[in-house]
Amino acid sequence: MKIAFKINGKSITKEVRPSLLLIDLIRDVLKLKGTKPGCLEGECGACTVIIDGYAINSCLYLAINVNGKEITTIEGLSGTKSPLHKTQEKMIEHGGVQCGFCTSGMIMTTKAFSDKCIAEGITPTRDEVKKSLEGNLCRCTGYVKIIDAAEAVYEN
Amino acid sequence: MDFDVINVTTTDELCSAIAGNLNNNFRIGAGYTDLILELKQARVQDLTIINIAQLEDPSFNSIIEKGDHIILGALVTASDLVDNKKIKEEYPVLYESALSVASTQIRNSATVGGNICNASPAADMSAALVALQAICNILDSDGRERNEPLVSFIKGVRKTSLVKNEILKSISIPKNSSSHIKSGFEKVGTRKSMEISIVSLSYHIQCSSEGTIEKAGVSCGAVATTIPFASSACNFLIGKNIDAISEIERIGFAKKVLEYAIPISDIRASAWYRKEVLFNISKSIFES
Ligand code: FES
Ligand code: FES
């Protein structure tokens, strides 16, 4: 099946097998390895990417359904020439990264959530920030520093 | 995991895709949050997926008001419900149940139609919709429509009344007749997030301005093979004052809810525990 979509600002047209999962399109076809395969069952959030503003699990999404849509992966947030995104900076500042396997998923979830909060003009409570990360697991940090980092995104 | 996909973007295409595949093994794919997991485990051969994720028909993918009903398209996601102001204000039971579904990422994909058609007794949005006395609007491949109350549409674990040439198009819920409501969704699981209900209780109670209960809808999730509507518990409430329910009446109400619970013991909880929890949460909703 032929699909046309945008990924990290770049327009792409590809012929894909109908049952191809989005995570495999991203990692194996487009070679963007920042999106991580964890559980592959929708439990851990390591594979989180943003489609048209919404964070989704790319392990539970058919590649063909990105047709006409815009995907953002961790590689789209910053590069060698552009500075880190605020969510990434805060993660470093607060020491929210240990092995790093969960990090891109945490960042993508936090980015989608903070974009939404900022658009609606609200500053979420700590509990709301925590709730927004309920679909992301981390085996290293114990979460406190990650939540601190996600909350710090709203500081001026 | 391998299958063929027929992608449909209009309802006409959908109807002909269904009509043309009645002799084949096909499934409908919408949000895929359950279907992909199921297909990975089942390793089915010669399967066709009719993909409705790109269907552009407002009757399938929007929330609209029509006459004395609110109509939710089957492709409306849990996040669409959470973000809808009217749902949040007027149907807290539905808002809370949608918010309790798995995680943000899952809610952004998972559809209300999928939650219903999977026919799990532990499905949170379905449970809330049973309490709201929702009606399923069903379309067949010849374009004919029929309506059926959700409570009877769900026939058992993974069983609905849909026949092979039918698809769930939308769900209608009656508008509130009063603005004085007590409505909510209580769920007990083993942890807060990403959890399948051990027991859930949905309630949507409408009162007169003085607080007299005029209408009540109560359902319980994960305690039977279907999602029962606890009509005798609802009838028990009619005529009582919402702000003056005594301890004895609370117990009476909880006992009536429990009549609908025929739970099983499974890896998440024993039948005994499920009944205890259901009794206690039923009693607690009137303790303020
Ligand atoms: S890899 Fe997708 S949620 Fe774990
Ligand atoms: S830092 Fe290792 S899993 Fe989160």
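Parameters and conventions
Residues numbered from 1 in each chain as written. Chains lettered and ligands numbered in written order. Predicted model: local features only at pLDDT ≥ 70, side-chain atom pairs only at ≥ 80, totals over all residues. Heavy atoms only, no water. Helix = DSSP H or I, 4+ residues; strand = E, 2+ residues; numbered from the N terminus. Contact = heavy atoms within 4.5 Å. Areas by Shrake-Rupley, 256 points an atom, 1.4 Å probe, with all protein chains shown as cover. Core = buried A, V, L, I, M, F, W, Y, C linked by side-chain atoms within 4.5 Å. Buried < 20%, exposed > 50% of the residue type's maximum accessible area, 1.4 Å probe, protein only. pLDDT = per-residue confidence, 0-100. Pairing = 2+ DSSP bridges. Axes fitted to C-alpha atoms, helices over the stretch in contact; angles between N-to-C directions. Right-handed = clockwise from strand over helix to strand, strands pointing away. Buried area = accessible area lost by both parts, 1.4 Å probe. Salt bridge = Lys/Arg side-chain N within 4 Å of Asp/Glu carboxyl O. Polar contact = N/O pair within 3.5 Å; in protein donor to acceptor, adjacent residues only side chain to side chain. Nonpolar A, V, L, I, M, F, W, Y, C, P; charged D, E, K, R; others polar. Domains from an automatic or database assignment. Parallel < 35°, antiparallel > 145°, perpendicular 65-115°, else oblique. Left-handed = near helix turned anticlockwise from the far one by under 90°.

### Re the overall build of chain B
Looking only at helices and strands, chain B features 13 helices and 13 strands. Once the C-alpha set of chain B is aligned to its principal axes, its extents read approximately 60 × 45 × 30 Å. A separation threshold of at least 6 residues defines the contact pool for chain B, and within that pool the share at least 24 residues apart is 62%. As presented, chain B carries roughly 12,400 Å² of accessible surface, and 50% of it is formed by carbon and sulfur atoms.

### Focus on the nonpolar core
By size, the foremost hydrophobic cluster in this structure holds 112 residues, and its most contacted members are Leu22 and Leu25 of chain A together with Leu94 and Leu129 of chain B. Excluding anything up to four places from it in sequence, Leu129 of chain B contacts Leu72, Leu94, Val112, Ile116, Ala134, Leu150, Ile171 and Ile173 of chain B. Met91, Cys102, Met106 and Leu133 of chain A belong to the second largest nonpolar core, which has 20 residues in total.

### Description of the confidence of the model for chain B
Mean pLDDT over chain B stands at 95; residues scoring 70 or higher make up 99%. Here the complex is predicted with pTM 0.96, and the ipTM for its interfaces comes to 0.96.

### Side note on the sheet that holds strand 4 (residues 63-66) of chain B
All names here are of chain B. Across the sheet, which stays open at both edges, the five strands sit in the order 4-5-10-6-7 with antiparallel pairing between neighbours. Each of the sheet's edge strands pairs with one partner strand only, and the pair in question is strand 4 and strand 7 (145-149). Sheet twist, expressed as the average angle between the axes of neighbouring strands with direction ignored, equals 30 degrees. Judged from the five bridges that link them, strand 6 (residues 135-140) and strand 7 form a sheet pairing that is antiparallel.

### Observations concerning unusual backbone geometry
Residues and elements named next belong to chain A. A positive phi angle, close to 50 degrees, is found at Asn8, a residue other than glycine. With respect to the element layout, Asn8 can be found in the loop between strand 1 (2-7) and strand 2 (10-15). You can call Asn8 partly exposed: its relative accessible area is 30%. In this model, Lys31 sits at a positive phi of 60 degrees, which is unusual for a non-glycine residue. Tracing the sequence through the fold places Lys31 in the loop between helix 1 (22-29) and strand 3 (48-51). We classify Lys31 as exposed; its relative accessible area is 56%.

### Description of the pairing of strand 3 (residues 48-51) of chain B
All names here are of chain B. Alternating residues of strand 3 divide into Thr48 and Ile50 and Ile49 and Asn51, and every residue in both groups is buried. By the bridge criterion, four bridges tie strand 1 (residues 4-7) to strand 3 in an arrangement that is parallel. The residue of strand 3 that forms the bridge with Asn7 is Asn51. One ladder, built from four bridges, connects strand 2 (residues 26-29) with strand 3; its direction is parallel. Within strand 3, the residue paired with Ile28 across the bridge is Ile50. On the question of chirality, the crossover connecting strand 2 to the parallel strand 3 by way of helix 2 (residues 35-42) is right-handed.

### Some points on the interface of chain B and chain A
Contacts between chain B and chain A engage 27 residues on the former and 29 residues on the latter. Here chain B and chain A share an interface that buries about 2,300 Å² over both sides, 52% of which is from carbon and sulfur atoms. When residues of chain B are sorted by the area they lose upon contact with chain A, Gln54, Gln105 and Met194 of chain B head the list and together hold 24% of the total. Where chain B packs against chain A, one counts two salt bridges. With a shortest N-O distance of 3.1 Å, Asp83 of chain B and Lys116 of chain A are connected by a salt bridge. Counting across the interface, chain B meets chain A through 13 residue pairs in polar contact (both at pLDDT 80 or more). With four residues, helix 7 (residues 104-107) of chain B is the single largest residue contributor to the side of chain B that touches chain A. Among the residues forming the side of chain B that touches chain A, the class breakdown is 11 nonpolar, 11 polar and five charged.

### Some details on the domain arrangement of chain A
Residue and element names in this part refer to chain A. By the assigned domains, chain A splits into domain 1 (2-73) and domain 2 (86-152). Distance between the C-alpha centres of domain 1 and domain 2: 21 Å. In this assembly, 14 residues from domain 1 lie in contact with 10 residues from domain 2. For the pair domain 1 and domain 2, the two sides together bury roughly 950 Å², of which 64% comes from carbon and sulfur. In this assembly, domain 1 and domain 2 are joined by zero salt bridges. At the boundary of domain 1 with domain 2, the tally comes to four residue pairs in polar contact (both at pLDDT 80 or more). Residues that form the side of domain 1 that touches domain 2 fall into these classes: five nonpolar, seven polar and two charged.

### Here we look at the packing of helix 2 (residues 86-93) of chain A against helix 3 (residues 103-120) of chain A
All names here are of chain A. Closest axis-to-axis distance for the helix 2/helix 3 pair is 9 Å, and the angle between their directions is 125 degrees. Looking at the two axes, helix 2 sits oblique to helix 3. Our pair here, helix 2 against helix 3, has a crossing hand that is right-handed. Together, Thr87, Gln88 and Met91 of helix 2 and Thr103, Met106, Ile107, Thr110, Lys111 and Ser114 of helix 3 make up the contact between the two elements. Looking at the contact of helix 2 with helix 3, its residues break down into three nonpolar, five polar and one charged.

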